[in-house]
Amino acid sequence: VSRTMCLLLAPLLLTTGLSAWSVKAEGDANPQPRRRRAALDKPNFVLLFVDDLGYGDVGFTGHPTTATPNIDQLAFRGKILTTWYSGCAVCTGSRAALMTGRQFARVGVPGVFGPTGNVGLPLNETTVAEQLKQAGYVNAAVGKWHLGQREAYLPANRGFD
């Protein structure tokens, strides 16, 4: 069983293009007024996909010695989704499942794509980033990709800006 955990945190604290200011909440440690999204704006969200992170390994889930104040702040001001089943026991397969919404074997990802391979997430697969881009989102991928190392398979060619 993979120990991959996914946190969907919404809304993101720093947003752009917002139309209204909110009043500082009583007891809020932040002295700056916060912007509030208009009702029709799309929500901002951050998806953290981390290898080998267990449920209790971050501060907001109660880890006794690990301090994760920035992740904790995102979690407490957003939405914490705690039920997650990884799409595969290895990183490439679990990322392929996350990016496509399909089982890794159906996507054609048999195992781990190494750094010298000429393969990647099949180009005929639509990624969640491509769908979000069509809906008007700006997307970023930071960190480990592991869905192909050649130009055609890199994040910039799979829906990420």
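As a starting point, this report considers the structure included with it.

So, how was this worked out
Residues numbered from 1 in each chain as written. Predicted model: local features only at pLDDT ≥ 70, side-chain atom pairs only at ≥ 80, totals over all residues. Heavy atoms only, no water. Helix = DSSP H or I, 4+ residues; strand = E, 2+ residues; numbered from the N terminus. Contact = heavy atoms within 4.5 Å. Phe/Tyr/Trp six-rings, centres within 6.5 Å; stacked < 30°, edge-to-face > 60°. Buried < 20%, exposed > 50% of the residue type's maximum accessible area, 1.4 Å probe, protein only.

**Regarding the overall build of the protein**
- The helix and strand tally for the protein stands at 4 helices and 4 strands.
- Order of helices (α) and strands (β) in the protein, N terminus to C terminus: β-β-β-β-α-α-α-α.
- Put simply, 60% of the contacts in the protein that link residues at least 6 apart link residues at least 24 apart.

**Here's the deal with the packing of aromatic side chains**
- One pass over the structure, following the stated rule, counts 3 aromatic pairs.
- Ring centres of W145 and F160 lie 5.8 Å apart, and the angle between their planes is 85°; on these two criteria the pair is classed as edge-to-face. Of the two residues, W145 is situated in the segment after helix 4 (128-134) and F160 in the segment after helix 4; the sequence distance between them amounts to 15 residues. The pair W145 / F160 is uniform in exposure class, with both members buried.

**Considering helix 2 (residues 91-100)**
- Of all 10 residues in helix 2, 9 are buried, a share of seventy percent or more.
- Buried residues along helix 2 sit in contact with strand 4 (46-50), helix 3 (104-107) and helix 4.
- One or two steps after helix 2, the chain reaches G101, where phi turns positive at roughly 75°.

**Section: the environment of C91**
- By secondary structure assignment, the location of C91 is in helix 2.
- Between the alpha carbons of C91 and F113 there is a distance of 9.1 Å; along the sequence they are 22 residues apart.
- When sequence neighbours within four positions are dropped, the list of residues in contact with C91 reads D51, V112, K144 and H146.

Keep in mind these numbers describe shape, not what the thing actually does.
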